[in-house]
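Survey of secondary and tertiary structure
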Amino acid sequence: MSGGRVATETDIASAASSRRYAENAPYVHKDIGYAKLANLDPQFGLYSSFVPPLIYAIMGSSRDIAIGPVAVVSLLLGSMVQNEIDPKHKPEYQRLMFTATFFAGVTQFLLGFFRLGFLIDFLSHAAIVGFMAGAAITISLQQLKGLLGVKTFTKKTDIVSVMRSVWTNVHHGWNWETVVIGVSNGQGKKNKRLFWVPAIAPLISVIISTFCVFITHAEKKGVQIVNHIERGINPPSVHKIHFTGSYVAIGFRIGAIAGMIGLTEAVAIGRTFAAMKDYHLDGNKEMVALGSMNIIGSMTSCYVATGSFSRSAVNYMAGCNTAFSNIVMSLVVLLTLELITPLFKYTPNAILASIIISAVVGLFDYEAMILIWKIDKFDFVACMGAFFGVVFVSVEIGLLIAVAISFAKILLQVTRPRTAVLGKIPRTTVYRNIQQYPEATKVHGVLIVRVDSAIYFSNSNYIRERTETSVTIASTDDIVFSEIMKLELFFSRILRLLADEEEEQKANSLPRIQSLIVEMSPVTDIDTSGIHALEDLYKSLKKRGVQLALANPGQIVLDKLHTSDFANTVGDDKIFLTVGDAVMTLAP
């Protein structure tokens, strides 16, 4: 009985290993294609799928991330490094690539070690969607060289330069045999139960196309093939990394950018699968693991590796529940490097190009773009800015635009927080935004304003201006001011509005505003500039005969108000627990 049980478990393990081999084998060809995208020899793509996954399997906290080269990072590295060194100068080009990989790892490691992972969140989701969509188009355009058999091709990545290069070669540069091979690659429709069909489709395409080239000797008719791939595992490359000289700064700049993009992609993938499987993902530990594997990878002839969504998705659908799948993938690559590389000699570049195009099509998420347009127009601007920057200029410019717009949005939200005028919900003691609840009524003689933000140096003037504006127009519901004015100009306008408002109130026999209540429950913190803004607001209101009161400030805010003596200035009896208490006291 025991012997039968052991045999059964062995059979199951063998079947599982075979299945995982079948899942991972197709990505060997993608690794070769990604290496070409980075302007490196094919074996470097395989090297980068051997060592980094082993390191991550030991140090990483995600059970689902599959590690290896990815299209976007490969394109980014290839385009940035070739701007410094021509890929034809292989030794120098490889040295800068390893240097950039080293500093990418250092950047990732330090971000995790010092718990600075929040920095990658400054790149908004909308900007990432646009950047990835632009990268998908750029990567696909770059593959036209291999897909069409074009020998003279531009080094630029923008769509205008690429299409000009393609059409100038249309009469004498295209190779019809290459085109036929490239378009013959088919991808099955993804289905959870039949996930292995699209997974092995690239492998079948490679086998068939390689066999056809071998028996017809199509390489003699202009079909470009992989040719030689160096056999054996990763050679050491520590001596090739620039630790001194002018290329150190260049390598750091390229590596830091590539490392941040790699982190963003890997952490997003890890969080997605962790949420689906309901387990905790330690973001800082992930960064340390990714950084360590890229540092070690740079010393073993690898370029930047990160989490791959397509590999991770296949692992998920196959039922992989641990990081052991990365070890299986490394073993597959090891077998490939030691035994199978000679079989790739006749693999046509066109089939690798078509595999890469098929792999990056999913990066163009038009449904997400439509949703972004519906939800937030400013987010859509960020999305399109990144998209058009990548497509029409370069990957670096697109990334710069994405970061710049993301920071601009953050600064705009910080410096322009929302403020709301509150009214009383009928038959309750609850006060809510009168724009959100039209049935809420204002209290005669009292204006209640809520500040939906912490009050810092960056937004204190804006809050003060918006509050003063609210005081002057509190009795006029049809006047809305959206412009943000400089402080010195704003005061003069406030005085004019106040004079106009007093005349209108007198004509309509309306009571003048005697008290301003600031509802401070959303204010989590306040700095010295914020306190000075409140002091200026208090003085300005005092001149107008308007009393200032505060409702429900948090403990941190209250402590700082007492420390700065502003609580004594406004009066402890003017600081209330709730808005209702303030109204009952100021307007009984």
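Residues numbered from 1 in each chain as written. Predicted model: local features only at pLDDT ≥ 70, side-chain atom pairs only at ≥ 80, totals over all residues. Heavy atoms only, no water.

Under an unreviewed UniProt entry, the name given to the protein chain is Sulfate transporter 1.2, and the organism recorded is Sesamum calycinum. The protein chain has a UniProt comment under Subcellular location (unreviewed entry) that states "Membrane". (UniProt positions renumbered as here; feature names shortened; annotations may be inferred.)

Let us now look at helix α17 (residues 377-392). Its 16 residues give α17 an end-to-end C-alpha distance of 22 Å, which sits within 8% of 22 Å, the value for a rise of 1.5 Å per residue. Between a side-chain oxygen at the N-terminus of α17 and the backbone nitrogen of Phe 378 the separation is 2.9 Å; the capping residue is Asp 376. (Helix = DSSP H or I, 4+ residues; strand = E, 2+ residues; numbered from the N terminus. Expected span 1.5 Å × (residues − 1). Polar contact = N/O pair within 3.5 Å; in protein donor to acceptor, adjacent residues only side chain to side chain.)

Grouped together as the largest cluster of nonpolar side chains are 79 residues, with contacts concentrated most on Leu 77, Met 97, Phe 131, Ile 139 and Ile 261. Considering every element that reaches this core, the biggest residue donor is helix α11 (residues 247-277), with 10 residues. Excluding anything up to four places from it in sequence, Ile 261 contacts Val 72, Val 73, Leu 76, Leu 123, Phe 131 and Leu 399. If you look at the next biggest cluster of nonpolar residues, it comprises 23 residues, including Val 518, Leu 541, Phe 566 and Val 570. (Core = buried A, V, L, I, M, F, W, Y, C linked by side-chain atoms within 4.5 Å. Buried < 20%, exposed > 50% of the residue type's maximum accessible area, 1.4 Å probe, protein only. Contact = heavy atoms within 4.5 Å.)

Right, let's get into the packing of helix α16 (residues 366-375) against α17. The contact between α16 and α17 brings their axes to 6 Å, and the two run at 140 degrees. In this structure, α16 uses Met 369, Ile 372, Trp 373, Lys 374 and Ile 375 to contact α17, whose residues at the interface are Lys 377, Asp 379, Phe 380, Cys 383, Met 384 and Phe 387. Among the residues forming the contact of α16 with α17, the class breakdown is eight nonpolar, no polar and three charged. (Axes fitted to C-alpha atoms, helices over the stretch in contact; angles between N-to-C directions. Nonpolar A, V, L, I, M, F, W, Y, C, P; charged D, E, K, R; others polar.)

Viewed as axis vectors pointing N to C, α11 and helix α13 (residues 309-318) meet at an angle of 20 degrees, and their least axial separation amounts to 11 Å. Accordingly, the angle class assigned to the pair α11 and α13 is roughly parallel. For the element pair α11 and α13, the recorded crossing hand is right-handed. Here Ile 269, Phe 273, Met 276 and Lys 277 of α11 come into contact with α13, specifically with Phe 309, Ser 312, Ala 313 and Tyr 316. Looking at the contact of α11 with α13 residue by residue, the class counts come to six nonpolar, one polar and one charged. (Parallel < 35°, antiparallel > 145°, perpendicular 65-115°, else oblique. Left-handed = near helix turned anticlockwise from the far one by under 90°.)

Moving on, we get to the sheet that holds strand β4 (residues 431-433). If you trace the six strands from one edge of the open sheet to the other, you get β4-β3-β5-β6-β7-β8, paired in mixed fashion. Looking at which strands have only one partner, the edges of the open sheet turn out to be β4 and β8 (575-576). By the bridge criterion, two bridges tie strand β7 (residues 547-551) to β8 in an arrangement that is parallel. Residue pairing for β8: Leu 550 is matched across the bridge by Ile 575. Taken strand by strand, helix α24 (residues 579-586) contacts β4, β5 (446-451), β6 (515-519), β7 and β8, and its axis lies near 170 degrees from that of β6. (Pairing = 2+ DSSP bridges.)

What follows covers the pattern of salt bridges. Tallied over the full model, the rule gives eight salt bridges. One salt bridge in this structure joins Asp 31 and Arg 311, with 2.3 Å as the shortest N-O distance. Of the two residues, Asp 31 is situated in helix α1 (residues 2-37) and Arg 311 in helix α13; the sequence distance between them amounts to 280 residues. According to the relative accessible area criterion, Asp 31 is buried, its value standing at 1%. Under the relative-accessibility criterion, Arg 311 is labelled buried at 1%. Among the ionic contacts, a cluster of salt bridges with common partners joins Asp 376, Asp 379 and Lys 409. (Salt bridge = Lys/Arg side-chain N within 4 Å of Asp/Glu carboxyl O.)

What follows deals with the confidence of the model for the protein chain. Per-residue pLDDT for the protein chain has a mean of 80; in total, 80% of the residues score no lower than 70. The weakest mean pLDDT in the protein chain belongs to helix α20 (residues 487-507) at 46; the strongest belongs to helix α5 (residues 90-113) at 96. Between residues 1-23, whose pLDDT stays under 50, and residues either more than four places distant or in other chains, the model counts 13 contacts. (pLDDT = per-residue confidence, 0-100.)

Here we take up the packing of aromatic side chains. Given two aromatic rings, one states the distance between the centres and the angle between the planes to describe the pair. One pass over the full model with this rule turns up 14 aromatic pairs. Between Tyr 538 and Phe 566, the aromatic rings sit 6.4 Å apart at their centres with planes inclined by 85 degrees, giving edge-to-face as the arrangement. With a gap of 28 residues between them, Tyr 538 in helix α21 (residues 528-543) and Phe 566 in helix α23 (residues 566-570) connect regions that are remote in the sequence. Looking at Phe 566, the relative accessible area reads 0%, which means it is buried. One aromatic cluster in this structure is built from Phe 102, Phe 103, Phe 243 and Phe 252. The ring of Tyr 279 carries the charged tip of Arg 63 above its face, separated from the ring centre by 4.1 Å. Over the ring of Trp 373 we find Lys 377, and its NZ or CZ is 4.6 Å from the ring centre. (Phe/Tyr/Trp six-rings, centres within 6.5 Å; stacked < 30°, edge-to-face > 60°. Lys NZ or Arg CZ within 6 Å of the ring centre and 35° of its normal.)

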